[in-house]
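Analysis of the macromolecular model
Each chain, letter by letter, is given below.
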Amino acid sequence: MNKGTKFFLVCVVSVLFAAVYIWYALSRSTRPFQDVALPPVSIISDVSSERETFIPERPGKSDARSQSKGRMDVLDGSVMRHGEKLALPQDAGRVKQPLKVLVRHLGLDQSFGFLAMDSSHRDPGGRYATNLTCHRVHFAGGRGVCLVVERGFFTTYKAVLFNEVFYSTFTLPLNGIPSRTRVSRDGRHAAITVFVSGHSYSEGRFATETSIVDMETGTVLVANLEEFDVIRDGELFSVLDFNFWGVTFMKDSDRFYATLSTNGVFFLVEGNIASRQAYVIRAGVECPSLSPDETRIAFKKRLSTGARVGWRLSVVNLETFREMELTESRSVDDQVEWLDNSRVLYGLPDKVGSATSNVWVVSADGTGAPEMFLEDAVSPAVVREGDMPLS
Amino acid sequence: MYQIEAGASLRNAVRMGVVPWRTGRVSRNVLALGLTSLFTDVSSEMVATVLPIYVVLHLGLTPLYFGIVDGINNGATAVLRLVGGVIADRWGYHKEVALVGYSVSAICKLGLLAAGSAWTLILGIVTVDRAAKGLRVAPRDALISLSSPASCLATSYGVHRTLDATGAMLGPLIALSILAVIPIGFDVIFVLSLSVAVIGCAILLFFVENVKRDSEAVAATYSGSGIRPLIDQPGFRELIAVAAVLSLVTVSDGFIYLGLLQGLGASAGIFPLFYVGTAGVYLLLAAPAGRLADRFGRRTMFVSGYFILAFAYLAAFGSEGDWVGSALCLVLLGSYYAMTDGVLMALASSMLPVHLRSTGLAALATATSLGRLVASLSFGGLWTAYGTDVPFLSFFVALLIAVSISIVLLRRSSADE
């Protein structure tokens, strides 16, 4: 056998090996990509004209139960149901309309990655896709922010501001990978945090950039929170390696809480858009989320276990500053969303390295066990009462 | 474009010391080494592109920690590079040492696949992979020079670097396309990378041959190998000084890209565009620059390359958000690489006797990378303290001074010969 033949054989073997593995990788998936799509959000309301309520016929229950939990099913050719039904909210009586949550849909189907409106735990089978594809989403006061990753030859990022019928109103370019977004309760302001990948080049560590946007005019009010004067113990506090992220607005939408990180410490700060100042409140609070009644902040508490970062979901009372760990023992890397005044929602990957995630719910008082809230979804944004004409 | 020469005619060309200017032939060994580099670069760049995403986003490691490990690895690489060089020189096992380096890297891909989410194991594998890279570079570069007639050394390196850069451009593209189709297809990338690496190793195994050294050189091997005799080589001492001085004012591309990015006020998403632009110019110009260097003088070409780099700094400083200025900066940067990288190796090869070839090239690469590390640290310090303008302007001036010093030193070394 001459060298050419040997070489040819080696090539054939290695190419075959790769081909077989790829075939195996594609086929071993327990949840293959399904050629189905979520029904469009327009079928539950004629959003473009009358904005009147229209609830679709509920599909037959017998069909709905025929498939196992976790599968995406097509019912009557149009409506998709999500496996298990969850317990009703404890304070359900106070919520007049069926609870709706906007999420990034992560079911392995044609609607993967789309912004979807989910009400499946109250209105069975209810997840409806919009035309927007979002990596992170938030919505309040009739306005929403959708952070978009446009994969192409060169990946670009943008923020799409949308109205209550999911029509895009403004588009803003973003400087990096979308991380967090929040809209103020009245829909006037929004905050957007991105990872600025370029900056990590010099330092070997990542940097964030948090901007604040006027939702009415689509203009950037604050390009980067690092422009703010930071005050700590009554004195101006200024360090080069400031990084802000995880804004959560107060009711007046001018003031907010956020994380300020510098030199490995994570501070909770209170910011004011009008005065362009931020006050350091407390250390050890990352990714704050203010409860609807504004008495508590849910956050992720950093656990340092060597090289690996973990976060424990915790809640701090803003009057007593008493911290309490929630019962979720898995590490959560998310800015939580309050479902109501007693429970919080957060996303967790299906398993390590998985493309899909689920939204979980846990009580905010440190009791009870976490439960899965929505399957195949991430970045939950609870649609509060009166925010949206669709119902 | 480049014809593969049979061994006999290569020996003739070497004997005569003449290689025709227009046909520009490159030996079969060099071409095979180039293809080996192309395949292994596709393989390693595929993994390098996705590894930070995999480790940081999916395994929850802090970017800082990953950066530290990366830094330690770079230090270890410098040491192993010298070890690889000395071994290859002492026993003439250039091909074998290079093959070990390439094979270990291929096995590492298999290791990544098996490691799953055990991150300590992954970091260990990354370290071994870097070490293997350090091991193989010097023997490979020595083999390129040993397989080429003295008159077309720079051309050979130019052709090799063209193939090498092509692989480095294809790798990330392949990896990103796989991730676009299969969102969590990290294992698919590792497997494909392994398969490509095996083909690269097979090319090296079957089509690259060690160059037999005449008995004189072998005798010399036992009389004086290692690092010490390097200093006595005429001209080499000056060359290593020149390379060190110039690398002290050569900053990492990342800073130049970052400067352009800030000027343009563009999104970080176009970062890869800068990389691709520079690499594209490099791979287009590497072979022609090598040919010109062989023809009109390698020293001139090498120093001119750094002169051009100085103007790349100036363009980065002056472009101020101008797209044309930024594009010019990338063209200058790519040209600088084409005019210096392979040419320096050719220049050194022409000064080093056969039995010191690998060791010498390894020492040169180590001096250069240490110099660049110092440059990047001081540039970063200036950037943090004074903003963008001061570091670019001061490095422009410093580089012009370094180029002047180099001209003096190199003139002295050429007078020695």
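Quantities reported herein were computed from a predicted structural model and do not represent experimental measurements. Chains are numbered independently. Their residues run from 1 in the order of the written sequence. Labels follow written order: the first chain is A, the first ligand is 1, and so on. Per-residue local features are limited, in this predicted model, to residues with pLDDT of at least 70; the limit for side-chain atom pairs, both in listing and counting, is 80 or more; totals at the level of whole chains, interfaces and linings are taken over all residues. Think of the side-chain values as coming from all heavy atoms in the structure, minus any hydrogens and water.

A look at the sheet that holds strand β5 (residues 127–133) of chain A
The strands making up a sheet associate through backbone hydrogen bonding, with each pair oriented either parallel or antiparallel. Residues and elements named next belong to chain A. The line we're drawing: Two strands are counted as paired when DSSP detects at least two bridges linking them. The helix count covers DSSP runs of H or I at least four residues long, the strand count covers runs of E at least two residues long, and both are numbered beginning at the N terminus. In this analysis, axes come from line fits to C-alpha atoms, helices being fitted only over the stretch in contact, and the angle between any two N-to-C directions falls in the range 0 to 180 degrees.
Taken together, 4 strands build an open sheet; the order of strands is β5-β4-β3-β28 and the sheet is antiparallel. Looking along the sheet, the strands with just one partner apiece sit at the ends: β5 and β28 (377–383). Sheet twist, expressed as the mean angle between neighbouring strand axes with direction ignored, is 25°. In terms of strand pairing, strand β3 (residues 100–105) meets β28 through 5 bridges, oriented antiparallel. Looking at the pairing, Arg104 lines up with Val378 of β28.

Focus on the environment of Ser156 of chain B
Rule in force here: Note on exposure labels: buried denotes an accessible area under 20% of the residue type's maximum, exposed denotes more than 50%, and partly exposed covers the range between, all computed with a 1.4 Å probe on protein chains only.
With respect to the helices and strands, the residue Ser156 of chain B is situated in helix α6 (residues 153–181). A residue is classified by how much of its surface remains accessible, and Ser156 of chain B, at 1% relative accessible area, is buried.

Remarks on the state of the cysteines
All names here are of chain A. Under the convention used in this document: Only a pair of cysteine sulfur atoms within 2.5 Å counts as a disulfide in this structure description.
Applying the stated criterion to the full structure yields 1 disulfide over all chains. In this model, Cys134 is linked to Cys146 through a disulfide, with the two sulfur atoms separated by 2.0 Å. Around the S-S axis, the bridge from Cys134 to Cys146 shows a dihedral of about -110° and counts as left-handed. On the criterion of sequence distance, the pair formed by Cys134 in the loop between β5 and β6 (136–140) and Cys146 in strand β7 (residues 143–150) is long-range, its members being 12 residues apart. Judged by its relative accessible area of 0%, Cys134 falls in the buried class. For Cys146, a relative accessible area of 0% translates into the label buried.

Some remarks on the confidence of the model for chain B
Residue and element names in this part refer to chain B. The condition is simple: Per-residue confidence from the predictor is given as pLDDT, running between 0 and 100. Contacts are assigned to residue pairs that have any heavy atoms within 4.5 Å of one another.
Of all residues in chain B, 80% attain a pLDDT of 70 or more, and the chain-wide mean is 80. Predicted confidence for residues 1–23 stays below pLDDT 50, and this span has 30 contacts to residues more than four positions away or in other chains. Here the predicted complex scores 0.65 on pTM and 0.73 on ipTM.

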